[in-house]
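An overview of the molecular structure
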Amino acid sequence: MAYQRVFTLSEVAQHKSKNDCWFVINGRVLNVTKFLELHPGGEEVLIESAGKDATKEFENIGHSNAAKKLLIKYQVGVLGGYAFEETETKDDSIREPRKKEMEAFVIKNDKRPTYTAILEFFVPLLVAGSFFAYRLVTRTEQMLY
Ligand code: HEM
């Protein structure tokens, strides 16, 4: 299991300014100083909860799973009495979701025989030619009789 620094609530309480903003959510001790400006809910709400256990506030907003995953990114330790599995701690697999690369495939299986291409070109030509020849013959017949 990965080692996690253990903090007390009074230690967390010492980090409650805009330049040094920590709090606790579900037993995780978070340093959100760098996240303040990025928080979609604004930095004020975070600063108001600085240095405290903000689990209730966090849960009450109904944060998305993406927001819950972000918690791990800012975790600096755990509150005394809490323990987390290794898979729940700083681990690349549960950090911010990575952009999925677009999958693309090209159909390269265009192995049509050459004679079909020739047929496709000459058959319409032959049909059109026969039509005009027929028209020519019938017209000359009409002119003769
Ligand atoms: C490190 C902790 C936090 C993270 C990573 C975080 C992340 C986020 C994210 C990603 C959103 C966008 C909506 C969503 O995806 O759910 C959000 C919205 C919000 N958050 Fe946080 N948040 C944190 C802590 C808090 C706390 C402690 C509070 C309240 C005291 C709070 C209040 C809000 C509010 C008010 C919104 C806007 C909701 C809305 O417009 O519907 N957040 N947060």
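Residues numbered from 1 in each chain as written. Predicted model: local features only at pLDDT ≥ 70, side-chain atom pairs only at ≥ 80, totals over all residues.

This part is about the overall build of the chain. Each helix and strand in the chain was counted, giving five helices and five strands. What you see in the chain, going N to C, is helices and strands ordered as β-α-β-β-β-α-α-α-β-α. When the 145 residues of the chain are sorted by exposure, 14% land in the buried category. Sequence separation of at least 24 residues holds for 67% of the intrachain contacts in the chain that already meet a minimum separation of 6. (Helix = DSSP H or I, 4+ residues; strand = E, 2+ residues; numbered from the N terminus. Buried ≥ 20, exposed ≤ 12 C-beta atoms within 10 Å, placed from the backbone. Contact = placed C-beta atoms within 7 Å.)

Core analysis: the largest hydrophobic core is formed by 14 residues, its most contacted members being Val-12, Trp-22, Phe-23, Val-24, Ile-25, Val-29 and Leu-30. Where this core is concerned, the elements lending two or more residues are β3 (20–25) and β4 (28–31). Top contributing element to this core by residue count: β3, with five residues. Contact partners of Val-29, with chain neighbours within four places excluded, come to Phe-7, Val-12, Trp-22, Val-24, Gln-75, Val-76, Gly-77, Val-78 and Leu-79. (Core = buried A, V, L, I, M, F, W, Y, C linked by C-beta atoms within 7 Å.)

Okay, the site of the ligand next. Around the ligand, the surrounding shell holds 20 residues, and the nearest of these are Gly-41, Glu-57, Ser-64, Ala-67 and Leu-70. Residue contributions to the shell around the ligand peak at four residues, all from helix α4 (residues 65–73). Of the residues assigned to the shell around the ligand, the class counts are 14 nonpolar, five polar and one charged. (Near = placed C-beta within 6 Å. Nonpolar A, V, L, I, M, F, W, Y, C, P; charged D, E, K, R; others polar.)

Pairing in this open sheet of five strands is mixed, and the strands run β1-β5-β4-β3-β2 from one edge to the other. Each edge of the sheet is formed by a strand with only one pairing partner; in this case those strands are β1 (6–7) and β2 (16–17). Where β4 and strand β5 (residues 75–79) come together, three bridges link them in antiparallel fashion. Paired with Leu-30 across the two strands is Gln-75, which belongs to β5. (Pairing = 2+ DSSP bridges.)

Our next topic: the UniProt feature "transmembrane region" (unreviewed entry) in the chain. The UniProt entry lists residues 117–137 under the feature "transmembrane region" (unreviewed entry), expressed in the numbering used here. Overall, residues 117–137 shows 100% helix and 0% strand. The separation of its end C-alpha atoms is 31 Å. (UniProt positions renumbered as here; feature names shortened; annotations may be inferred.)

Its 31 residues give helix α5 (residues 114–144) an end-to-end C-alpha distance of 45 Å, which sits within 8% of 45 Å, the value for a rise of 1.5 Å per residue. For α5, a buried count of zero out of 31 residues is recorded, marking the element as mostly open to its surroundings. (Expected span 1.5 Å × (residues − 1).)

What follows is about the pairing of β4. Both β3 and β4 contribute to a ladder of four bridges, which runs antiparallel. Looking at β4, one finds that Val-24 is bridged to Val-29. In this structure, the hairpin formed by β3 and β4 is closed by a connection of two residues, where Asn-26 is found at a positive phi of approximately 50 degrees.

It is worth spelling out the environment of Tyr-82 at this point. Here Tyr-82 shows up in the loop between β5 and α5. For the pair Tyr-82 and Val-6, spaced 76 residues apart in sequence, the C-alpha separation works out to 8.5 Å.

With that out of the way, let us pick up unusual backbone geometry. Positive phi outside glycine occurs at Asn-26, with the angle close to 50 degrees. As for its position among the elements, Asn-26 is in the loop between β3 and β4. Among the residues examined, Asn-26 registers 16 C-beta atoms within 10 Å and is labelled partly exposed.

This part takes up the pairing of β3. A large share of β3 lies buried, amounting to five of its six residues. One ladder, built from two bridges, connects β2 with β3; its direction is antiparallel. Residue pairing for β3: Ser-17 is matched across the bridge by Asp-20. Between β2 and the antiparallel strand that follows it, β3, lie two residues.

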